[in-house]
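# Structural features, examined
Here are the chains, one letter per residue:
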Amino acid sequence: MLTLATTIATLVVTQGVGAEAGVYDEYVGVRAPSMGGAHRGVGTSNDTLYLNPAGMAIAQRYSLDAGYSFSPFDNLSLFMVAVFVAKSGPVAGGVGYTLGNGYGDRLNANIQRFYGGLAYSLIPNLTLGATVRHIRGSLSDAINEDGERVEREVRAWHGAVGLAAQFGSIGAGLVYQNVLNADEEDELFTPRTLGGGISFTTGPLVLAADAVNRIDDDEFRYNVGAEYFLQESYALRAGYAYEPF
């Protein structure tokens, strides 16, 4: 069975984010950002590969996602594609790729991210997952003494580990992102974070909330979101994100 879900209305309110931040942030597709980023306790879409890999094994499915986003404020284009296979017993797997291109006054960037993830159902309704991520590309985010851009290469390996649980209409998740320390110049791409989320699903309605702590400076980000499906095919989504970092 092929299911097509279309977002026909999206509202996202964000406080405290600079226009250039999208180059360093991961692009995880449409659904999670449309819900304000509150998705660590929701294990029913490909966004879990990026936000909480344990969610891949919560529901059995084959799934292919692709997305594109463009920001005119910093001339930033973002593309992503992810594939899930969660039909062979307790094991689920996924691969993903994202590309970010930005050419503006503040920086130039061409950043690729490659993902591979596995999840395993420990017991019914409780899953463990891990993702390996490779980041590579070029970035110009500094000016030298002559007023010229300084371009550098970006190379980093990182990963995430997570837990997810689903008990009836209640979902929960816990994830540790970027478990390795990055080089100082690449740490904007790989901040160490510990995040948790909960969700509530009833029929066509999904409510979710997340809290994320950036470990190195002990700052918190909060996300809340909602989703409602019309006629089981058209999604209305709204969210709010408070992001001091």
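Described below are features of the structure shown in this document. Predicted, not measured: the structure shown is a model, and the values here were computed from it. Residue numbers here run from 1 along each chain, matching the order of that chain's written sequence. pLDDT decides what is reported in this predicted model: residues at 70 or higher carry local features, side-chain atom pairs at 80 or more are listed and counted, and totals for whole chains, interfaces and linings draw on all residues regardless. Hydrogens are left out, water is left out, and the side-chain values use all remaining heavy atoms of the structure.

### A few points about the overall build of the protein
Secondary structure elements follow DSSP: runs of H or I no shorter than four residues count as helices, runs of E no shorter than two count as strands, and numbering proceeds from the N terminus. Assigned secondary structure in the protein consists of two helices and twelve strands. Starting at the N terminus and ending at the C terminus, the protein contains elements arranged as β-α-α-β-β-β-β-β-β-β-β-β-β-β. The cut-offs for exposure are 20% and 50% of the maximum accessible area for each residue type, with area from a 1.4 Å probe on protein chains only; residues under the lower value are buried, those over the upper are exposed, and the others partly exposed. Here the protein holds 245 residues, and 42% of them are scored as buried. Any pair of residues with heavy atoms lying within 4.5 Å of one another is described as a contacting pair. In the protein, the proportion of contacts linking residues at least 24 apart, taken out of those at least 6 apart, comes to 50%. Here the protein has roughly 12,500 Å² of accessible surface; of this, 59% comes from carbon and sulfur atoms. Each accessible area is a Shrake-Rupley estimate made with a 1.4 Å probe; only the visible protein chains count as cover when residues are assessed.

### Considerations on the pattern of salt bridges
Any Lys or Arg side-chain nitrogen located within 4 Å of an Asp or Glu carboxyl oxygen qualifies as a salt bridge. In the structure shown here, the tally under the stated rule is eight salt bridges. Residue D217 is joined to R214 by a salt bridge in which the shortest nitrogen-to-oxygen separation is 2.3 Å. Accessibility expressed as a relative area gives 33% for D217, which makes it partly exposed.

### Some points on the side chain of T193
With respect to the secondary-structure elements, T193 resides in strand β9 (residues 193-202). You can call T193 buried: its relative accessible area is 11%.

### Focus: unusual backbone geometry
Here N125, not a glycine, exhibits a phi torsion of approximately 80°, which is positive. With respect to the secondary-structure elements, N125 resides in the loop between β5 (108-123) and β6 (126-143). Its identity as a non-glycine residue notwithstanding, D218 has a phi of 55°, on the positive side. Along the chain, D218 turns up in the loop between β10 (205-214) and β11 (219-230).

### Some words on a nonpolar patch on the surface
Together, V91, L118, Y120, L122, I123, L128, L163, L174, L194 and I215 make up a nonpolar patch on the protein surface, roughly 850 Å² of accessible area in all. Ranked by residue count, the leading element in the nonpolar patch is β5, at four residues. Overall, the relative accessible area of 48% leaves I123 in the partly exposed class. Patches were defined on residues exceeding 30% relative accessible area and lacking a salt bridge, with like-charge contacts within 9 Å and nonpolar side-chain contacts (Val, Leu, Ile, Met, Phe, Trp, Tyr) within 5 Å.

### Things to note about the packing of aromatic side chains
Stacked, tilted and edge-to-face are the three classes assigned to paired rings of Phe, Tyr and Trp, where Trp is represented by its six-membered ring and a pair needs centres within 6.5 Å; plane angles under 30 degrees give stacked, over 60 edge-to-face, the rest tilted. For the structure shown, the criterion picks out three aromatic pairs. Between Y50 and Y115, the ring centres sit 4.6 Å apart and the planes meet at 90°, which makes this aromatic pair edge-to-face. Of the two residues, Y50 is situated in helix α2 (residues 48-51) and Y115 in strand β5; the sequence distance between them amounts to 65 residues. The burial state of Y50 is the same as that of Y115; both residues are buried.

### Some points on the pairing of strand β12 (residues 234-242)
Here β12 shows a buried face lined by A235, R237, G239 and A241 and an unburied face lined by Y234, L236, A238, Y240 and Y242. The pairing of β11 with β12 spans nine bridges and is classified as antiparallel. Looking at the pairing, Y222 lines up with Y242 of β12. Here β11 folds back onto β12, and the loop between the two strands holds three residues, one of which, Q231, carries a positive phi near 55°. For two strands to count as paired, DSSP must find a minimum of two bridges between them.

### Concerning the environment of A86
One can find A86 in strand β3 (residues 76-88). Between the C-alpha atom of A86 and that of M56, which follows or precedes it by 30 residues, the distance is 7.0 Å. Discounting residues that sit within four places of it in the chain, A86 has contacts with M56, A59, Q60, R61 and A92.

### Details of the nonpolar core
The biggest cluster of nonpolar side chains holds 26 residues, and the ones touching the most others in it are V23, L49, Y50, I111, L139 and F189. Not counting the four nearest positions on each side in its chain, F189 is found in contact with V23, Y24, I111, R113, R133, I135, L139, R152 and V154. Core analysis: the next-biggest nonpolar cluster, separate from the first, contains five residues, M35, A38, V206 and A208 among them. Nonpolar cores are built from buried Ala, Val, Leu, Ile, Met, Phe, Trp, Tyr and Cys residues. Side-chain atoms within 4.5 Å join them into one set.

### Some words on empty space enclosed by the protein
Here a cavity denotes grid points, spaced 1 Å and computed from the protein atoms alone, that fit a 1.4 Å probe unable to get out, and a pocket denotes an open set having protein on both sides within 12 Å along at least 5 of 7 lines; residues with an atom within 4 Å of a point are the lining. Grid points are joined across faces, edges and corners, and a volume is the space filled by probe spheres set on the points. Following the criterion strictly, the structure yields three cavities of 30 Å³ or more and no others. Of the voids in this model, the largest cavity is the one considered here, and its volume is about 50 Å³. Forming the boundary of the largest cavity are E26, L49, Y50, Y115, T131, R133, G159, A160, Q177 and N178. Secondary-structure elements contributing two or more residues to the lining of the largest cavity are α2, β6 and β7 (149-167). Residue composition of the lining of the largest cavity, grouped by class: four nonpolar, four polar and two charged. Each pocket or cavity is described by its volume, and for the second largest cavity that value is around 50 Å³. Residue polarity is assigned by list, with Asp, Glu, Lys and Arg as charged and Ala, Val, Leu, Ile, Met, Phe, Trp, Tyr, Cys and Pro as nonpolar; anything else, Gly included, falls into the polar class.

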